[in-house]
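Working through the structure, step by step
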Amino acid sequence: MADSAFAAGFALRQRSPAAARHSALVRVTHWVNTLSFFGLVISGFAILLAHPRFYWGETGNVGTPSLFDLPLPFVLTGQTGWGRSLHFLAAWVCVLNGLLYVVSGFAARHFREGQAAYNSAQRLAYMVVVFGLSPVMVWTGLAMSPAVTSVFPVLATWLGGQQSARTIHFAGADALFLFLLVHVTEVFRAGFVRHVRSMITGRL
Amino acid sequence: MTRRKLITTGLAGAAGVSGLAIAARLAARYGLVPPDSGGIYGVGETLTYGAQKLLMARHSLAREFDRSQITNFVPVDGHPPQNETYQRLRAGKFAEWRLKIDGLVARPALLSLAQLKSCPRRTQITHQACEEGWSFIAEWTGVPLSFLLNMAGVQARARYVVYFALDDSWDSIDMPEALHPQTLLAYERNGEELPPDYGAPLRMKVPRQLGYKNVKFLSRITVTDTLKNIRNGQGSISPDYGYSWYAGI
């Protein structure tokens, strides 16, 4: 039972093959998310190349033992100003866009009724990304901020420290990137042109 | 598109634009806009600075640590200036060095290291992260910047404190950050005199921001109401290297 006209319209569109498969809001937030995600991946990789070494706990530097060292060069040391600026700009867009998507998604029962076309593994992966990995990325990102942890120290201490937060942030980014690869592969297998067109125009 | 929808969309758009304009005015009025707010990245910088300023409005304290957590090895990032002035001052154990305090203050001052050490001191064990990703914990002792500012008598219209080093480095912080109890002019590190590699004779400690705001080898502090007419006009040497003025994250 839809409890608002908007939700009813949304549900109807989901079930009628001739009508739009995705609402305009889902389509717009999808592409804004695509853009901001690419911004985050590119800038995140640039920041990584300033120090591709990871630690556990509060501190870590070239003179202390690492948790793991990536086989990447320290090539962007002192040159990641643009990477940081792009990362935070993209993060703001990604978070605000994501909030709009989640809030409207709940209003339209998108997460309960809009999933009929997907199998349970797809649904699970999707839910893990939206409600698991994304909040973890925001949390660990903020836990690296000395300004934010001055207000909410637990953001860092619950994870074991600032460097632990950085390491989890990196692991979460890898998981999200893996999800992206699987997601794009699935779209290719299901018919790339048709599905991309559907996500742009709303019609299959 | 129906006429009704067109009008609704138009009204919503106009409300959005004027809402943004009002928000921008209010943000500027309450000091929530950083000096490097221009350009596409400026949007992100402004959102971050504004949001974090609101979050820290109650003067939150940076996390402090136990002595046992002090990092043994800390890489030297930024070696002592090679210029003749610094070498001469260093050879004389900084006896001839002075900290100049000027700008929008009632009583400009020229202070020796001995005078600074006779001021009330504060010791804190804080975490410092480099924007590259590495970090360390160290103990710092120094005089709170707020003490010197109160001594010099800051004028009401002051908005920023700018600090200059004996090399070409310089930076600035806003007044709430300058008056924050953990903002120190440090002359000791881990209980010992500050070594030249780590900023002798005096360095800034701003533990709620990243490492690069903690300028070493200080020589001058200027209180100002605008950053526009100081060097690049963006409040810091960092924008010359592509880095943002505000470094709370």
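Note that the structure is predicted; figures quoted are calculated from it, not measured.

Conventions we followed
- Residues numbered from 1 in each chain as written.
- Chains lettered and ligands numbered in written order.
- Predicted model: local features only at pLDDT ≥ 70, side-chain atom pairs only at ≥ 80, totals over all residues.
- Helix = DSSP H or I, 4+ residues; strand = E, 2+ residues; numbered from the N terminus.
- Buried ≥ 20, exposed ≤ 12 C-beta atoms within 10 Å, placed from the backbone.
- Contact = placed C-beta atoms within 7 Å.
- Expected span 1.5 Å × (residues − 1).
- Pairing = 2+ DSSP bridges.
- Axes fitted to C-alpha atoms, helices over the stretch in contact; angles between N-to-C directions.
- Parallel < 35°, antiparallel > 145°, perpendicular 65-115°, else oblique.
- Left-handed = near helix turned anticlockwise from the far one by under 90°.
- pLDDT = per-residue confidence, 0-100.

For the rest of this paragraph, the subject is the overall build of chain A. Scanning chain A from terminus to terminus reveals eight helices and two strands. Counted from the first residue to the last, chain A has its helices and strands arranged as α-α-β-β-α-α-α-α-α-α. Projecting the C-alpha coordinates of chain A onto the three principal axes gives extents of approximately 65 × 35 × 30 Å. Split into buried and exposed, the 204 residues of chain A put 29% on the buried side. In chain A, of all internal contacts separated by at least 6 residues, the share reaching a separation of at least 24 is 70%.

Attention shifts here to unusual backbone geometry. Residues and elements named next belong to chain B. The linkage connecting A200 with the following residue, P201, adopts the cis geometry, with an omega of 5°. Within the secondary structure, P201 sits in the loop between β8 (192-193) and β9 (203-205). Its identity as a non-glycine residue notwithstanding, K93 has a phi of 55°, on the positive side. Tracing the backbone shows K93 in the loop between α3 (84-91) and β1 (99-103).

As a further point, take helix α2 (residues 39-55) of chain B. Every α-helix carries 3.6 residues per turn, so stepping three or four residues along brings you back to the same face. Taking 1.5 Å of rise per residue, 17 residues should cover 24 Å, and α2(B) covers 24 Å from first to last C-alpha, within 8% of that figure. Listed in full, the buried residues belonging to α2(B) are B:G44, B:E45, B:T46, B:L47, B:T48, B:Y49, B:G50, B:Q52 and B:K53. Looking at the buried residues of α2(B), the elements they touch are α3 (81-107) and α6 (146-151) of chain A together with α1 (3-29) of chain B.

Both faces of the sheet carry side chains from a regular strand, because those side chains alternate between them. Residues and elements named next belong to chain B. Here β1 runs beside strand β10 (residues 218-224); their pairing, made up of four bridges, is parallel. The residue bridging D102 from the neighbouring strand is T222, located in β10. Relative to β10, strand β5 (residues 160-165) runs antiparallel, the two being bridged by six bridges. Following the sheet pairing, V161 is matched in β10 by V223.

This next bit is on the sheet that holds β5(B). Backbone hydrogen bonds hold the strands of a sheet together, and the pairing may be parallel or antiparallel. All names here are of chain B. The strand order β2-β1-β10-β5-β6 describes an open sheet built from five strands, whose pairing is mixed. Of all strands in the sheet, those with a lone pairing partner are β2 (109-111) and β6 (170-174), marking the two edges. For this sheet the average axis-to-axis angle between neighbouring strands, irrespective of direction, equals 15°. The sheet contact formed by β1 and β2 spans three bridges and is antiparallel. Residue pairing for β2: I101 is matched across the bridge by A109.

Turning our eyes to something else, we now look at the interface of chain A and chain B. Where the parts come together, the accessible area they lose is often given as the size of the interface. Taken residue by residue, the interface counts 31 residues in chain A and 37 residues in chain B. Broken down by secondary-structure element, the contributors of at least two residues to the side of chain A that touches chain B are α3, α6 and α8 (162-201) of chain A. The biggest single contributor to the side of chain A that touches chain B is α3(A), with eight residues.

All names here are of chain A. The N-to-C vectors of helix α5 (residues 120-143) and α8 enclose an angle of 150°; their axes lie 9 Å apart at closest approach. With respect to α8, the axis of α5 lies roughly antiparallel. Here α5 and α8 pass one another in a crossing that is left-handed. Residues A125, V129, L133, V136, M137, T140, G141 and A143 of α5 form the contact with α8, whose own contacting residues are Q162, A165, I168, H169, G172, A175, L176 and F179.

The next subject is the environment of B:P35. Tracing the backbone shows B:P35 in the loop between α1 and α2. Residues within four places of B:P35 in sequence aside, it is in contact with B:L227, B:Q234, B:G235 and B:W245.

Looking now at the confidence of the model for chain A. Taken over all residues, the pLDDT of chain A has a mean of 90, while the share at 70 or more is 90%. pLDDT under 50 marks residues 1-18 of chain A. Its contacts with residues more than four places away, or in other chains, come to 20 contacts.

Further remarks concern the pairing of strand β4 (residues 135-144) of chain B. All names here are of chain B. Among the ten residues in β4, nine count as buried, and that is most of the element. Here eight bridges tie strand β3 (residues 122-129) to β4, and the two strands are oriented antiparallel to one another. Opposite H127, over in β4, you have I137 as the bridge partner. Pairing analysis gives five bridges linking β4 to strand β7 (residues 184-189), with the strands arranged antiparallel. Bridged to V143 within β7 is L185.

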